[in-house]
Amino acid sequence: MRKLTADIIYSGNQTWLKDSVLILDTDGQILAIRDQAAFSPNEYEYFPGMLLPGFVNAHCHLELSHLHGLFQTGTQLLPFLNSVVKNREFDSDFILQKIKDADEEMQRAGIVAVGDISNKIDTLPCKTKSSIYYHTFVEAFDFLQESLADQFFESYKSVYDAFGTLPKTMVAHAPYSVSKKLFSRINALNTATSNISSIHNQECIDEDLLFINKTGGFVSFWESFGFSMNDFQPIGKDSIYYTTKCLNPRHPILFMHNTQSKQHHINSILNWNPASYFVSCPNANLFIENQLPDYSQFKNAIMCLGTDSLSSNWQLSILSEIKTILKFQSYLNLEDVLCWATYNGARALNISEWAGSFEVGKRPGVNWIQDVEQKGKTWSIKPEASVTKIS
Ligand SMILES: [Zn+2]
């Protein structure tokens, strides 16, 4: 049994626990949360700084870890995607080693659960052994080609089957890359309403332009790969209207990136499906587009945080994502952003029965952040703060 305390404890669910002690069993399960006054100081371990639950990384592409440091920053999404597509030939031992390294990096950074996109089976050996909980989103796309939908579906179905009994869902990559026919094949596979789904959403202005009036960069982008866009019909509206028409609203859905999303988009999505989660990956947005979402637009949304992949980030650290958000949009409350990183991520991945908050019976992991400071009643995380996983 361990008894842990700190200058301040963040519960995960937007409350601060002052002068409290977490009592854990040897497996990290929370047995009780008690008043510090009930113990003498030699009975508990004291950590100067803040304790909070293990982080949930709601969006990653672990299989792209070998592309770390290869791409230029600030190029915008289409040149970035071009680099990813053209850099898929690497020695398989090297790929597997980089996946393992990235998994260990996330463990050290206090991440306990990951929503991970997979187009291939490269991450399977790592996920089978890792102490991190992974929900694998096997992500399909057909370059908006109805005639290729069946062929691509079958190829991703074999990846999906290979993940066996590990937590998984087959999902659509993005509105600009998935035909209606492929969406309906994916929907037919996901019959259980508990299946969580995900999609990349409104990552760049070209995505909306494609659906509004077939302008922007995507037409020439797909044609440069030999895929004709002659049959593509724009819908005269932003991409979310195609997305929400094609996805099944009976499933909880993670919308990733949302850099171009405005409040009216978010409200439309929430009216269509209240179980919609909005995952922000601020460092990746700065890496690729040199731009952040306007978080004031997301007041009604359930927000989560992700790192995206090492091909579009400098590291895989949720603490680093938190610091970036609070550096550039410091009007946000620390407790709200910490909630995105813990409790909301656990809800999105359907693991809140054990993860995301300090509650009796849960086993959420315990992170220790040093270098925090208090001004009045407000706590903040210093730029140099680091995280240590202590349970
Ligand atoms: Zn992504």
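A few points on the structure. (Residues numbered from 1 in each chain as written. Predicted model: local features only at pLDDT ≥ 70, side-chain atom pairs only at ≥ 80, totals over all residues. Heavy atoms only, no water.)

**Notes on the overall build of the chain**
Convention followed: Each helix corresponds to a stretch of at least 4 residues labelled H or I by DSSP, and each strand to a stretch of at least 2 residues labelled E; elements are numbered beginning at the N terminus. The globule rule is 2.2 Å times the number of residues to the power 0.38, and the radius of gyration it is compared with is taken over C-alpha atoms. Each residue gets one of three labels from its accessible area relative to the maximum for its type: buried under 20%, exposed over 50%, partly exposed in between, using a 1.4 Å probe on protein chains only. In what follows, a contact means two residues having at least one pair of non-hydrogen atoms within 4.5 Å. Computed by Shrake-Rupley with a 1.4 Å probe, the accessible areas treat only the displayed protein chains as cover when residues are assessed. For the purpose of counting charges, residues Lys and Arg are taken to be positive, whereas Asp and Glu are taken to be negative. His and the chain ends are not included. By convention, the point assigned to a charge is CZ for Arg, NZ for Lys, CD for Glu and CG for Asp.
On a plain count of helices and strands, the chain comes out with 12 helices and 17 strands. Taken against the 2.2 N^0.38 rule, which gives 21 Å for 391 residues, the C-alpha radius of gyration of the chain at 21 Å falls within 12% of a compact globule. Along the three orthogonal principal directions, the C-alpha set of the chain runs to about 75 × 40 × 40 Å. With 391 residues in all, the chain has 57% of them scored as buried. Across the chain, every contact between residues at least 6 apart in sequence was considered, and the portion connecting residues at least 24 apart equals 70%. When the accessible surface of the chain is split by element, carbon and sulfur atoms take 49% of a total near 15,900 Å². Both charge centroids of the chain, one from 32 positive and one from 41 negative side chains, sit 3 Å from each other.

**Overview of the nonpolar core**
Applicable threshold: Side-chain atoms within 4.5 Å link the members of a nonpolar core, which is a set of buried Ala, Val, Leu, Ile, Met, Phe, Trp, Tyr and Cys residues.
In this structure, F55 and I369 are the most contacted members of the largest nonpolar core, which totals 92 residues. Residue contributions to this core peak at 7 residues, all from helix α12 (residues 334–348). Other than its neighbours up to four places away in sequence, I369 contacts P48, G49, M50, L52, F55, L319, I381, A385, S386 and V387.

**Some details on the coordination of the zinc ion**
Put simply, the rule is: Counted as donors are N, O and S atoms no farther than 2.8 Å from the metal, or 3.2 Å for Na, K and Ca; water is not among the atoms, and sites may therefore look incomplete.
At the metal site, the zinc ion is ligated by H59 (NE2), H61 (NE2) and H200 (NE2), and these contacts range over 2.1 Å. Summarised as a motif, the one-chain spacing of the donors to the zinc ion is H-x1-H-x138-H. Within this pair, whereas H61 is found in the loop between β6 (55–60) and α1 (77–86), its partner H200 is found in strand β10 (residues 197–201), the two being separated by 139 residues in sequence. The class of H61 is buried, set by a relative accessible area of 10%.

**Some thoughts on the packing of helix α10 (residues 282–289) against helix α11 (residues 318–328)**
Basically, it comes down to this: In this analysis an axis means a line fitted to C-alpha atoms, helices contributing only their contacting stretch, and an angle means the value between N-to-C directions, from 0 to 180 degrees. Geometric relationships in this document are graded by angle, where less than 35 degrees denotes roughly parallel, more than 145 denotes roughly antiparallel, 65 to 115 denotes roughly perpendicular, and other angles denote oblique. Classes in brief: Ala, Val, Leu, Ile, Met, Phe, Trp, Tyr, Cys and Pro nonpolar; Asp, Glu, Lys and Arg charged; the others, Gly included, polar.
At a minimum axis distance of 8 Å, the contact between α10 and α11 shows a crossing angle of 70°. Taken together, the axes of α10 and α11 lie roughly perpendicular to each other. Along its contact with α10, which presents P282, N283 and L286, the element α11 presents S320, E321, T324, I325 and F328. Across the contact of α10 with α11, the residue classes tally to 4 nonpolar, 3 polar and 1 charged.

**Considerations on the packing of aromatic side chains**
Heads up, the condition is: Aromatic rings from Phe, Tyr and Trp, with only the six-membered ring used for Trp, were paired whenever their centres fell within 6.5 Å, and each pair was classed as stacked if the ring planes differed by under 30 degrees, edge-to-face if by over 60, and tilted otherwise. For a ring to carry a charge above it, either NZ of a lysine or CZ of an arginine must fall within 6 Å of the ring centroid while also lying within 35 degrees of the normal to the ring plane.
Per the stated rule, a full pass over the model turns up 25 aromatic pairs. Taking the centre distance of 4.1 Å and the plane angle of 10° together, the rings of F143 and F227 count as stacked. Here F143 is found in the loop between β8 (133–140) and α4 (149–162), whereas its partner F227 is found in the loop between α7 (218–224) and α8 (239–246), with 84 residues between them in sequence. The pair formed by F143 and F227 is uniform in burial state, with each residue classed as buried. Ring centres 5.5 Å apart and planes at 15° place the aromatic pair F255 and F278 in the stacked group. Residue F255 is located in strand β11 (residues 253–257), and its partner F278 is located in strand β12 (residues 276–280); the two are separated by 23 residues in the primary sequence. Taken together, the ring pairs connect F141, F143, F152, Y156, Y176, F218, F221, W222, F225 and F227 into an aromatic cluster. Over the face of the ring belonging to Y241 we find K237, whose NZ or CZ atom lies 5.1 Å from the ring centre. Seen from the ring of W354, R363 lies directly overhead, with NZ or CZ sitting 5.9 Å from the centre.

**So, helix α6 (residues 205–213)**
Along an α-helix, residues three or four positions apart point the same way, because every turn accommodates 3.6 residues. The set of residues buried in α6 consists of D206, E207, D208, L210 and F211. Where α6 is buried, its residues meet α1, β10, α7 and α8. Of the residues flanking the end of α6, it is K214, one or two places downstream, whose phi is positive at about 60°.

**Considering the side chain of N367**
As a reminder of what qualifies: Throughout this description, a polar contact denotes any pair of N or O atoms lying within 3.5 Å of each other; where both atoms belong to protein, one of them has to be capable of donating a hydrogen while the other can accept it, and for residues adjacent in sequence the pair is counted only when both atoms sit in side chains.
Following the sequence through the fold, N367 ends up in strand β14 (residues 366–369). What makes N367 buried here is its relative accessible area of 1%. Separated by 3.0 Å, the side chain of N367 and the backbone oxygen of G110 make a polar contact. The residues contacting N367, other than those within four sequence positions of it, are M50, L51, L52, P53, G54, F55, G110, V387, T388 and K389.

**Topic: helix α2 (residues 92–108)**
Cut-off, in case you're wondering: Multiplying one less than the number of residues by 1.5 Å gives the expected span of a helix. This arc corresponds to the set of directions leading from the helix axis out to the C-beta atoms.
Along its 17 residues, α2 runs 25 Å from first to last C-alpha, staying within 8% of the 24 Å computed at 1.5 Å per residue. The complete set of buried residues in α2 reads I95, I99, A102, D103 and M106. Seen end-on, α2 carries its buried residues on one side only, within an arc spanning 100°. Every exposed residue of α2 that faces more than 90 degrees away from the buried side is listed here: D93 and R108.

**Overview of the pattern of salt bridges**
A side chain with one charge may pair with a side chain of the opposite charge, provided their charged atoms come close. Put simply, the rule is: We define a salt bridge as a side-chain nitrogen of Lys or Arg found within 4 Å of a carboxyl oxygen belonging to Asp or Glu.
Applying the stated criterion across every chain, the model contains 9 salt bridges. The shortest N-O distance in the salt bridge between D150 and R185 comes to 2.8 Å. Pair noted here: D150 is in helix α4 and R185 is in helix α5 (residues 180–189), with a separation of 35 residues, a long-range link. Note on R185: relative accessible area 27%, which makes it partly exposed. Salt-bridge contacts for R185 lead to E154; the nearest nitrogen and oxygen are separated by 3.4 Å. Of this pair, R185 sits in helix α5 while E154 sits in helix α4, and the two are 31 residues apart along the sequence. Sharing partners across several salt bridges, the network here consists of D150, E154, K181 and R185.

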